[in-house]
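A look at the structure
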Amino acid sequence: EIQGEIVKIKDLKLGKAGSQDDVILALNGTMTLNRVIQSSVIDTAATLTLSENLNKSFALLGAILAPGKQKDGSYSYKLSGSLSAPFPTPVPAQ
């Protein structure tokens with residue numbers, strides 16, 4: 001949904017739970033558009049779920065994402081800043 005220079009991101013999903021997808025991503029939030037798209041500002045919440053195979057193959061990835069690990073095994077982060085250099089902030093487990 002676009003309202004002026006604000007893009008509202010509602011339930012943008014990559015991958016499907018219960019499928020053989022290695023990565024499942026859910027994204028919600030806003031993006032304030034700028035004339036230079038890379039300078040657009042984002043304020044989003046992202047939840048990332050990795051398959052067991054991916055976790056086994058790339059154990060370091062789980063270690064890097066660990067600060068945002070949730071009780072269900074997914075990883076949650078708030079992404080803010082410019083589109084070209086988003087700043088991830090881990091969301092504490094709930």
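Read on for an overview of the structure. Owing to the predicted nature of the structure, the values given are computational and were not obtained by experimental measurement. (Residues numbered from 1 in each chain as written. Predicted model: local features only at pLDDT ≥ 70, side-chain atom pairs only at ≥ 80, totals over all residues. Heavy atoms only, no water.)

With respect to the sheet that holds strand E3 (residues 23-32)
Overall, antiparallel pairing links the six strands, which are arranged E1-E2-E3-E4-E5-E6 in an open sheet. Edge positions in the sheet fall to strand E1 (2-3) and strand E6 (85-90), since each has one partner strand and no second. For E3 and strand E4 (residues 41-50), the ladder comprises ten bridges, and the chain directions are antiparallel. Within E4, the position partnered with Val23 by the bridge is Leu50. (Pairing = 2+ DSSP bridges. Helix = DSSP H or I, 4+ residues; strand = E, 2+ residues; numbered from the N terminus.)

Quick look at the environment of Gly68
Its location among the elements puts Gly68 in the loop between helix H2 (59-65) and strand E5 (75-82). Classification of Gly68 by relative accessible area gives buried; the value is 0%. Discounting residues that sit within four places of it in the chain, Gly68 has contacts with Ser74, Tyr75, Ser76, Tyr77, Pro90 and Val91. (Buried < 20%, exposed > 50% of the residue type's maximum accessible area, 1.4 Å probe, protein only. Contact = heavy atoms within 4.5 Å.)

Concerning the pattern of salt bridges
Inspection of every chain in the model, using the stated rule, returns three salt bridges. Across the pair Lys56 and Glu52 runs a salt bridge, and its minimum N-O distance is 3.3 Å. With a gap of four residues between them, Lys56 and Glu52 both fall in helix H1 (residues 52-57), about one helical turn apart. Owing to a relative accessible area of 60%, Lys56 belongs among the exposed residues under this scheme. (Salt bridge = Lys/Arg side-chain N within 4 Å of Asp/Glu carboxyl O.)

Some words on a nonpolar patch on the surface
On the surface, a nonpolar cluster with roughly 220 Å² of combined accessible area is contributed by Leu33, Ile37 and Leu83. Residue placement: Leu83 occurs in the loop between E5 and E6. (Patch = residues over 30% accessible without salt bridge, like charges linked within 9 Å, V, L, I, M, F, W, Y side chains within 5 Å. Areas by Shrake-Rupley, 256 points an atom, 1.4 Å probe, with all protein chains shown as cover.)

Remarks on the nonpolar core
Core analysis: the largest hydrophobic core is formed by six residues, namely Val7, Ile9, Leu27, Met31, Ile42 and Ala46. Secondary-structure elements contributing two or more residues to this core are strand E2 (6-14), E3 and E4. The next biggest cluster of nonpolar side chains, apart from the first, holds five residues, and it includes Leu50, Leu54, Tyr75 and Tyr77. (Core = buried A, V, L, I, M, F, W, Y, C linked by side-chain atoms within 4.5 Å.)

Function-wise, these values are silent; they only describe arrangement.
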